[in-house]
Amino acid sequence: REVDLFGVDCFLLVSRIIIENARITIITTIIILAFVLGLYPVVETSQSASQSKYVAKRIDLCVWWAGETPATLLTNAAPIVSWFKMVPIPGGVFTMGTDDPGVPQDGEGPARKVHVKAFHMDKYEVSNTEFQRFVRATNHVTEAERFGDSFVFEGLLSEKVKSGITQAVAEAPWWLPVKGASWRHPEGPDSNITNRMDHPVLHISWNNAVSYCTWAGKRLPTEAEWEYACRGGLDNRLFPWGNKLLPKDQHYMNIWQGHFPYHNTAEDGYDSTAPVTAYPPNGYGLHNMVGNAWEWTADWWNIHHTVDEVENPTGVPTGKDKVKKGGSYMCHKSYCYRYRCAARSQNTPDSSASNLGFRCVADQLPDRVK
Ligand SMILES: [Ca+2]
Ligand SMILES: [Ca+2]
């Protein structure tokens, strides 16, 4: 049987998307309404001549939703949805790093001029909802799931899970390897993500992040792109909005308040992750660039940087660790003053943890989203 893009197949396939995600329901309704209303005058005025045009436009809509064939609807439609949550970052030159490093051993300095060409960036950290779409479409298994464990902050664990763990990280004893911890179960098997689908996906290795971005037709940002975007058009400031920790006496990011690692007062509203849409955006419209979840970048880790003016740097050619940026809900000035645009840290590409996520970038939007 031929696929009936005009009729029942289109209806069934769009219905699947509607059921899959309540947010898409709203978008779908708006698009369908606009579509129907927009075509109505054409049909009214010349019924016969417009008939083929009308059919063609309806098929266009279905193809737009479905990608090339209806059978791959979810595979193709899911990344398309994610493209609408990107913002343009204009090209320019900025001061990368700082001559006043908060954590000097991390190689935050020296301050140097870096040129970055224009690109698009996800407004938000990749959420559990988005990662779930990817997994449903591809059956991707994360490294945390394959290895059977991942690192979780002790303060978030139940007594039952904690009692079963004997080993810890010597220099950071608040990190515990938890069996069964993964993006679906961020604090181990007795936890789930049901009530935090709009929070950043966690326990995602660099390798997994690359798989997601590639599937979505995107890529991970270089460290230079990430830091340039973080600064939101401001020059040489600590945070995406300026130098004040609490502008207008308001919290602008999700970090740790209180005595780390014993007591989190959560004055910013969250003792763990916040929704990816939380807090005001920076000058480019990006949310949670600092705080909430750490974000992977494409670059290999290196702490020695040239002071020469460079264009679109991609880091050193090889290494052991990948650069992550922005800090997380666990960062406190006393031990992790890394919720600044210039700050940086590292992990091996197969590492995963309960405070580490990512977002993607793209050189340009695909034609069908422009
Ligand atoms: Ca917090
Ligand atoms: Ca972040």
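Residues numbered from 1 in each chain as written. Chains lettered and ligands numbered in written order. Predicted model: local features only at pLDDT ≥ 70, side-chain atom pairs only at ≥ 80, totals over all residues. Heavy atoms only, no water.

Trainee: Explain the nonpolar core to me, please; I cannot follow it from the model alone.
Mentor: Among the nonpolar cores identified, the biggest contains 56 residues, and Ile89, Met121, Phe131, Tyr212 and Phe358 are the most heavily contacted of them. In contact with phenylalanine 131, other than residues within four places in its own chain, are Val126, His140, Thr142, Trp183, Val201, Ile204, Tyr212 and Phe358. If you look at the next biggest cluster of nonpolar residues, it comprises seven residues, including Val152, Ile165, Val178 and Ala181. (Core = buried A, V, L, I, M, F, W, Y, C linked by side-chain atoms within 4.5 Å. Buried < 20%, exposed > 50% of the residue type's maximum accessible area, 1.4 Å probe, protein only. Contact = heavy atoms within 4.5 Å.)

Trainee: Sorry, what's going on with the coordination of the calcium ion (ligand 2) here?
Mentor: Every protein donor of the calcium ion (ligand 2) is accounted for by Glu125 (OE), Asn288 (O), Gly291 (O), Ala293 (O) and Glu295 (OE), and the metal-donor separations fall at 2.4 to 2.7 Å. Along the chain, the residues donating to the calcium ion (ligand 2) fall in the pattern E-x162-N-x2-G-x1-A-x1-E. With glutamate 125 in the loop between β4 (119-122) and α5 (128-138) and glutamate 295 in strand β9 (residues 294-300), this residue pair connects regions lying 170 residues apart in the sequence. Overall, glutamate 125 belongs to the buried group, its relative accessible area being 0%. Looking at glutamate 295, the relative accessible area reads 0%, which means it is buried. (Donors = N, O, S within 2.8 Å, 3.2 Å for Na, K, Ca; no water. Helix = DSSP H or I, 4+ residues; strand = E, 2+ residues; numbered from the N terminus.)

Trainee: What should I look at first to understand the confidence of the model for the chain in this one?
Mentor: Low pLDDT marks stretches whose predicted atomic positions should not be read closely. Confidence in the prediction for the chain averages 87 pLDDT; 81% of positions are at 70 or higher. Taken together, the stretch residues 40-50 has pLDDT below 50 and engages in three contacts with residues farther than four places along the chain or on a different chain. In the predicted structure, residues 66-73 sits below a pLDDT of 50 and forms 14 contacts with residues beyond four places in sequence or in another chain. (pLDDT = per-residue confidence, 0-100.)

Trainee: Please explain helix α9 (residues 223-231) as it appears in this structure.
Mentor: Residues that lie three or four places apart on an α-helix share one face, since the helix turns once every 3.6 residues. The buried fraction of α9 is high, at nine of nine residues. Looking at the residues trailing α9, positive phi occurs at glycine 232, about 55°.

Trainee: Explain the coordination of the calcium ion (ligand 1) to me, please; I cannot follow it from the model alone.
Mentor: Around the calcium ion (ligand 1), the donor atoms from the protein are Asn254 (OD1), Ile255 (O), Asp268 (OD), Asp268 (OD) and Tyr270 (O), and they sit 2.3 to 2.5 Å away. Look at where the donors of the calcium ion (ligand 1) fall in the sequence and you get N-I-x12-D-x1-Y. In this pair, isoleucine 255 is assigned in the loop between α9 and β7 (258-259) and aspartate 268 in the loop between β8 (263-264) and β9, connecting sequence segments 13 residues apart. On the accessibility criterion, aspartate 268 (6% relative accessible area) is buried.

Trainee: Even after reading the chapter, I still don't get the state of the cysteines, so can you show me in this structure?
Mentor: What makes a disulfide is a covalent bond joining the sulfur atoms belonging to two cysteines. Tallying each qualifying case throughout the model produces three disulfides. Note that cysteine 213 is cross-linked by a disulfide to cysteine 360, the S-S spacing being 2.3 Å. On the S-S bond that ties cysteine 213 to cysteine 360, the torsion sits near -85°, and the link is left-handed. Taken together, the positions of cysteine 213 in helix α8 (residues 206-215) and cysteine 360 in the loop between β13 (356-357) and β14 (361-362) put the pair 147 residues apart, joining distant regions of the chain. Each member of the pair, cysteine 213 as well as cysteine 360, carries the same accessibility label: buried. (Disulfide = S-S within 2.5 Å.)

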